[in-house]
Amino acid sequence: MCRHFDLRLARSSLTDLPNKEEKPDIILQQAVKLYLQRVRQLEPQIHAFVSEEHLEARLAIEAERLLASSAAMADKPALWGMPVAIKDLLHVEGLPTRAGSALPPEVLIDKEGSLVRRLRALGVLIAGKTVTEEFAYNGPIATRNPHNTEHMPGGSSAGSAAAVAAGLCPLAVGTQTLRSVIAPASFCGVTGFKTSYGRVPLDGVILLSPSFDTIGFFTQDLPSMEVAAAHLVPDWTPPPGRSEACTRYPAGSVHGADEPGGQSHLYCANRTS
C-alpha cells in the first residue's frame, strides 16, 4: 500500500507574471530556483516527471539560451520564464522520448513538433518530461495523486496533471485519445482542456490512434487556461457568452511557500455559459 504524505502543495498560475522592473537574468534565476525547490520537495512523493539526471544543468543552459535569444526584445514573450511540463509522448530536443516504455530512446527519436517550438517561442522553460502510461495505452505508473498519495492520478496524462496540481509548474501539455486529459484533470482537481480534433497540430507526437488523438493542456485555474488557449490554440477566439465561474481548493490543500497553511483559496474566472 502506498503511504499517504501530507504535502504542502503550491500555487502556480500563468497569471502570476514576473515583475517587469526586475532584471531578466534575475527573473530566470528565480524561476529556475523556485522550480527546483518545489521539485526537490514534492517530486520524490509524486513522481510526476520522468527521471532526469542532469535537470539542474539543463535548466541553467535553457535559461542562458532564453536570455540570449530575447536580449534585444523590448517586451518579453508572453510565457517568458514559465516552467512548462511536456508529456513523454511529445518529442523535445535535448530530452529522450520513451513514451512510458522500456524501449531504448534511440528507437523513438524524431523531430520536435510545432507545439513545442511554439512554447519555446513564447519563452517557456521546459520543466521536463512527464510520466505517461506505456504509449498512452495501459500499464501501472509510479505517479501519485498530489492531494492524496494513496490515490491514483487518472489516465495516461497523469504526470502532467499531477505536476500542475502540485504547483511544480503552471502549465503542462498532455494528449487524449479517450479520456487521458479530462480524467487526470478531474482526479487531480485541476483545469483540463482537450482541444478539438486537429485544432492543435500533432506533429512531433507519438500517436496511439491518429483518428482520435488530440492535444490537451492542464492549469490550476481557469484564468491560466485562458492564457494558454489564447497563445497555443491556433485562431483562438474567446467565447462571446461568459458567466462567472469559480474554482475552490480545499482548505489548506494549496498554498505558496510564503503563505500560511490552512487557508482556503478561491479563484474566479469568466467562462462560456
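Residues numbered from 1 in each chain as written. Predicted model: local features only at pLDDT ≥ 70, side-chain atom pairs only at ≥ 80, totals over all residues. Heavy atoms only, no water.

(A) Region of interest: the sheet that holds strand β3 (residues 171-176). Taken in spatial order, the five strands of this open sheet run β2-β1-β3-β5-β4, and their pairing is mixed. Each having just a single partner strand, β2 (125-130) and β4 (191-194) make up the two edges of the open sheet. Strand-to-strand twist across the sheet, computed as the mean angle between neighbouring axes with direction ignored, equals 25°. (Pairing = 2+ DSSP bridges. Helix = DSSP H or I, 4+ residues; strand = E, 2+ residues; numbered from the N terminus. Axes fitted to C-alpha atoms, helices over the stretch in contact; angles between N-to-C directions.)

(B) Molecular detail of the packing of aromatic side chains. If you walk through the whole model with that rule in mind, you get two aromatic pairs. Judged by centre distance (6.2 Å) and plane angle (80°), the rings of tyrosine 35 and phenylalanine 49 are edge-to-face. Note that tyrosine 35 is positioned in helix α1 (residues 24-46) and phenylalanine 49 in the loop between α1 and α2 (55-69), a separation of 14 residues in sequence. Neither tyrosine 35 nor phenylalanine 49 differs from the other in exposure class; each is buried. Aromatic side chains phenylalanine 193 and tryptophan 236 sit 5.8 Å apart centroid to centroid with 65° between the ring planes, which places their arrangement in the edge-to-face category. Separated by 43 residues along the polypeptide, phenylalanine 193 in strand β4 and tryptophan 236 in the loop between α6 (222-232) and β6 (242-249) bring together distant segments of the chain. Taking the relative accessible area as the measure of exposure, phenylalanine 193 reaches 23% and is therefore partly exposed. Classification of tryptophan 236 by relative accessible area gives partly exposed; the value is 29%. A cation over an aromatic ring shows up here: lysine 76 above the ring of tryptophan 80, its NZ or CZ 5.5 Å from the ring centre. (Phe/Tyr/Trp six-rings, centres within 6.5 Å; stacked < 30°, edge-to-face > 60°. Buried < 20%, exposed > 50% of the residue type's maximum accessible area, 1.4 Å probe, protein only. Lys NZ or Arg CZ within 6 Å of the ring centre and 35° of its normal.)

(C) Focus on the environment of glycine 192. Counting through the fold element by element, glycine 192 comes out in strand β4. Through-space distance from the C-alpha of glycine 192 to that of valine 173 is 9.7 Å; in sequence the pair is 19 residues apart.

(D) Examining the confidence of the model for the chain more closely. On average, the chain scores 86 in pLDDT, and the residues at 70 or more come to 85%. Counting interchain partners and residues more than four positions distant, the pLDDT-below-50 stretch residues 243-273 has 72 contacts. (pLDDT = per-residue confidence, 0-100. Contact = heavy atoms within 4.5 Å.)

(E) Structural context of the nonpolar core. Membership of the largest hydrophobic core comes to 35 residues, with the highest contact counts inside it found for Tyr35, Leu42, Ile46, Phe49, Leu168 and Phe218. Of all elements in the fold, only α1, α2, β2, α4 (158-165) and α5 (182-188) reach the threshold of two or more residues within this core. Among the elements that make up this core, the one with the highest residue count is α1 (nine residues). Core analysis: the second largest hydrophobic core is formed by 31 residues, Leu89, Val124, Ile126 and Val173 among them. (Core = buried A, V, L, I, M, F, W, Y, C linked by side-chain atoms within 4.5 Å.)

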